[in-house]
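# Summary of the model geometry
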Amino acid sequence: MESVDLNADLGEGFGVWDLGEDEAMLALVTSANVACGFHAGDPARLARTCRSAAGRGVRIGAQVSYRDLAGFGRRFIDVEADDLRAEVVYQIGALDALARAAGSSVSYVKPHGALYNSIVSHREQARAVAEAVASLDTTLAVLGLPGSAFLEEARRLGLRTVPEAFADRAYTPDGRLVSRREPGAVLHDAAEIADRVLALIETGTITAIDGTTTTVNAESVCVHGDSPGAVQITNAVRERLTAAGVQITPFV
């Protein structure tokens with residue numbers, strides 16, 4: 001039987017501002033990419049998210065980012081490698097403390113936003129993030145885009161690498177994500193997205209924004225928790241996969 005992990009970005013509100021329906025998403029996903037305070041999330045909110053994830057048996061991942069709270073981590077920062085390594089270690093350590101207090105722990109790391117996209121090709125930053133993870137715990141897995149410099153650097157250091165696909169994002173013909181600044185970058189039709197994810201699992205390919213087919217090998221599929229209709233989209237994806245005999249299970 002085929003299997004796949006479903007992950008979502010959670011804990012991304014801040015103070016009095018809520019973003020997404022975390023509790024509803026935690027009932028549907030198997031892995032939670034929890035913000036670490038640099039692009040979103042405050043300590044009390046992150047603690048609640050970790051407790052909820054632990055209570056449901058959902059794996060907790062540290063969603064590390066550039067230090068860019070005002071820009072939600074979606075702006076590239078030309079940070080020095082030493083600084084980036086320290087900032088990633090800092091974020092993982094903080095979230096792991098909250099996760100352990102909730103009876104769980106951080107089991108993987110996934111970069112967020114501009115950092116995620118940058119280390120697809122930015123070798124120096126990719127190496128810095130991978131080295132930060134490995135310096136803490138070589139048993140931590142890392143999520144990233146298939147074929148990225150980040151996954152290459154992580155494998156070189158002996159980390160487990162988990163390639164992922166995005167349910168609600170458009171792809172370029174070369175297998176990268178279409179910039180959010182471009183029209184059509186974010187998908188919204190739940191039924192269409194569910195069919196797209198099933199086809200991805202069954203064929204290892206996805207239709208790019210220009211109509212061509214590109215190869216995307218993925219062990220985990222992400223639905224953005226802050227997207228409009230995220231709960232409906234995730235539920236549609238889960239139901240479509242389950243009906244087709246695909247097992248929804250965490251990768252760690």
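About the cut-offs
- Residues numbered from 1 in each chain as written.
- Predicted model: local features only at pLDDT ≥ 70, side-chain atom pairs only at ≥ 80, totals over all residues.
- Heavy atoms only, no water.
- Helix = DSSP H or I, 4+ residues; strand = E, 2+ residues; numbered from the N terminus.
- Contact = heavy atoms within 4.5 Å.
- Areas by Shrake-Rupley, 256 points an atom, 1.4 Å probe, with all protein chains shown as cover.
- Lys, Arg positive; Asp, Glu negative; His and termini not counted.
- Charge placed at Lys NZ, Arg CZ, Asp CG, Glu CD.
- Buried < 20%, exposed > 50% of the residue type's maximum accessible area, 1.4 Å probe, protein only.
- Right-handed = clockwise from strand over helix to strand, strands pointing away.
- Pairing = 2+ DSSP bridges.
- Axes fitted to C-alpha atoms, helices over the stretch in contact; angles between N-to-C directions.
- Parallel < 35°, antiparallel > 145°, perpendicular 65-115°, else oblique.
- Left-handed = near helix turned anticlockwise from the far one by under 90°.
- Nonpolar A, V, L, I, M, F, W, Y, C, P; charged D, E, K, R; others polar.
- Expected span 1.5 Å × (residues − 1).
- Salt bridge = Lys/Arg side-chain N within 4 Å of Asp/Glu carboxyl O.
- Polar contact = N/O pair within 3.5 Å; in protein donor to acceptor, adjacent residues only side chain to side chain.

### Things to note about the overall build of the chain
Looking only at helices and strands, the chain features eight helices and ten strands. The dimensions of the chain, computed from C-alpha atoms along their principal axes, are 40 × 35 × 35 Å. Of all intrachain contacts in the chain linking residues separated by at least 6 positions in sequence, the fraction that spans at least 24 positions is 72%. For the chain, the accessible surface area stands at approximately 10,500 Å², while carbon and sulfur atoms represent 49% of it. The distance from the centre of the 23 positive side-chain charges to the centre of the 33 negative ones in the chain is 3 Å.

### Overview of the pairing of strand β2 (residues 31-35)
Taking burial as the measure, the five residues of β2 include five buried ones, the bulk of the element. Burial along β2 is two-sided: Ser-31, Asn-33 and Ala-35 and Ala-32 and Val-34, pointing in opposite directions, are all buried. Note that the unit made of β2, helix α2 (residues 43-56) and strand β3 (residues 59-63) has a crossover that is right-handed.

### Observations regarding the pairing of strand β5 (residues 141-144)
Burial of the side chains of β5 extends over both faces: Ala-141 and Leu-143 are buried on one face and Val-142 and Gly-144 on the other. Pairing geometry for β5 and strand β6 (residues 160-166), over four bridges, is parallel. Paired with Val-142 across the strands is Thr-161, a residue of β6. With helix α6 (residues 149-156) bridging β5 and the parallel β6, this β-α-β connection has right-handed handedness.

### Re the side chain of Thr-30
Inspection of the secondary structure assignment puts Thr-30 in the loop between α1 (22-26) and β2. A relative accessible area of 10% means that Thr-30 is categorised as buried. If we skip the residues at most four places from it in the chain, Thr-30 touches Asp-5, Leu-6, Val-58, Arg-59, Ile-248, Thr-249 and Pro-250.

### Description of the packing of α2 against helix α3 (residues 81-101)
In contact at an axis separation of 8 Å, α2 and α3 are set at 50° when each is read in the N-to-C sense. With respect to α3, the element α2 is oriented oblique. Note on packing geometry: the crossing formed by α2 with α3 is right-handed. Contacts between α2 and α3 pair Pro-43, Leu-46, Ala-47 and Cys-50 from the former with Leu-95, Leu-98 and Ala-99 from the latter. Partitioned by chemical class, the residues of the contact of α2 with α3 number seven nonpolar, no polar and no charged.

### Considering α2
Helix length check: α2 (14 residues) gives 20 Å between terminal C-alpha atoms against 20 Å at 1.5 Å per residue, within 8%. Arg-45, Leu-46, Ala-47, Thr-49, Cys-50, Ser-52 and Ala-53 are the residues of α2 that are buried. Looking at the buried residues of α2, the elements they touch are β1 (3-10), α1, β2, β3 and α3. Positioned one or two residues after α2, Gly-57 has a phi angle of 75°, which is positive.

### What about the pattern of salt bridges?
Tallied over the entire structure, the rule returns 15 salt bridges. A salt bridge links Arg-85 to Asp-82, with the shortest nitrogen-to-oxygen separation between them at 2.1 Å. Placement of the pair is Arg-85 and Asp-82 together in helix α3, with a separation of three residues, close to one helical turn. Under the relative-accessibility criterion, Arg-85 is labelled partly exposed at 24%. Close ionic contact of Asp-195 with Arg-240 constitutes a salt bridge, the shortest N to O distance being 2.7 Å. Here Arg-240 lies in helix α8 (residues 230-243) and Asp-195 lies in helix α7 (residues 190-203), a separation of 45 residues in the sequence. Judged by relative accessible area, Arg-240 falls into the partly exposed class, the value being 34%. Through salt bridges with shared partners, one network takes in Arg-123, Arg-127, Glu-152, Glu-153 and Arg-156.

### Observations regarding unusual backbone geometry
Comment: phi is negative for the bulk of residues other than glycine, and the bulk of peptide bonds are trans. The backbone phi angle of Phe-72 is positive, close to 60°, even though this residue is not glycine. Relative to the assigned elements, Phe-72 resides in the loop between β3 and α3.

### A few points about the side chain of Glu-153
Relative to the helices and strands, Glu-153 is located in helix α6. A distance of 3.1 Å separates a polar atom in the side chain of Glu-153 from a polar atom in the side chain of Arg-123. Setting aside residues up to four positions removed in sequence, Glu-153 forms contacts with Arg-123, Ala-126, Arg-127 and Ala-130.

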